[in-house]
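What follows is the residue order along each chain.
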Amino acid sequence: LPDGKVRCRGVTLGKNVKDLTIRGGKNTTLICTRLGQLFFLNGCKNVTLRDFSVDYDPLPFTQGTVTKVDLKKHCVYFKIHDGYPRLKDPYIIKHHPLYFDGKSREMKFGKSAIGLKKVARLSDDEGVVYYNNSNIRAVPGDFIVLNVRHDGVFKVRGMTDTLTYKNITLYSGM
């Protein structure tokens, strides 16, 4: 791969790919321009990915702060942080958002609430998450992340041999 920023939509490597190394230059950043995985490796053998960074444009998520939790209405209100994508498609997700403790910034593992109904837009900057019940563990001040991608940066299926990552840096693609 060349030095510098390389914009791309993604790479698929199929079953006939074997003994391949994809290597960046001295300062290579791959910028994925679609909201999905950057690499899809399907049935490859002996593949090495090394010496590059990964970023996304546009960001594959937006984030904000929980402003209110209404247990009677089974919902969580939030406000999007400055500098992150506004609440428009595709950021109004149809799957569970992620919650992070507002002080420690640690992810609240497991479902922070069970039975997602929907994520709704109140304005470009504010939204609400509706649940089927009041089993909500998010509290005001927690962070909420609406991740557009269903996959990570690397999607791997049917690998029958070695896959090696060396000196890979993930920025917004994490």
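Residues numbered from 1 in each chain as written. Predicted model: local features only at pLDDT ≥ 70, side-chain atom pairs only at ≥ 80, totals over all residues. Heavy atoms only, no water.

Student: Explain the packing of aromatic side chains here, please?
Tutor: Within a pair of aromatic rings, the relevant descriptors are the distance that separates the centres and the angle that separates the planes. Evaluation of the coordinates by the stated rule reveals four aromatic pairs. With centroids separated by 5.7 Å and ring planes inclined at 20°, the aromatic side chains of Phe39 and Phe154 adopt a geometry described as stacked. Here Phe39, found in strand β5 (residues 39–42), pairs with Phe154, found in strand β13 (residues 154–157); they are 115 residues apart in sequence, far enough to count as distant. For the pair formed by Phe39 and Phe154, the shared burial category is buried. Look at Phe154 and Tyr165: their rings are 4.8 Å apart centre to centre, the planes differ by 55°, and that puts the pair in the tilted class. Separated by eleven residues along the polypeptide, Phe154 in strand β13 and Tyr165 in strand β14 (residues 163–170) bring together distant segments of the chain. Taken together, the aromatic side chains of Phe39, Phe52, Phe154 and Tyr165 make up a single cluster linked through ring pairs. In this arrangement the basic side chain of Lys155 is found over the ring face of Phe40, its NZ or CZ atom lying 5.2 Å from the centre. (Phe/Tyr/Trp six-rings, centres within 6.5 Å; stacked < 30°, edge-to-face > 60°. Helix = DSSP H or I, 4+ residues; strand = E, 2+ residues; numbered from the N terminus. Buried < 20%, exposed > 50% of the residue type's maximum accessible area, 1.4 Å probe, protein only. Lys NZ or Arg CZ within 6 Å of the ring centre and 35° of its normal.)

Student: Would you take a moment to explain the confidence of the model for the protein for this structure?
Tutor: Note: predicted coordinates in regions of low pLDDT should not be interpreted at a detailed level. Residues of the protein with pLDDT of at least 70 account for 95%, and the chain-wide mean is 88. Mean pLDDT across the elements of the protein bottoms out in strand β2 (residues 11–13) (83) and peaks in strand β8 (residues 75–80) (97). (pLDDT = per-residue confidence, 0-100.)

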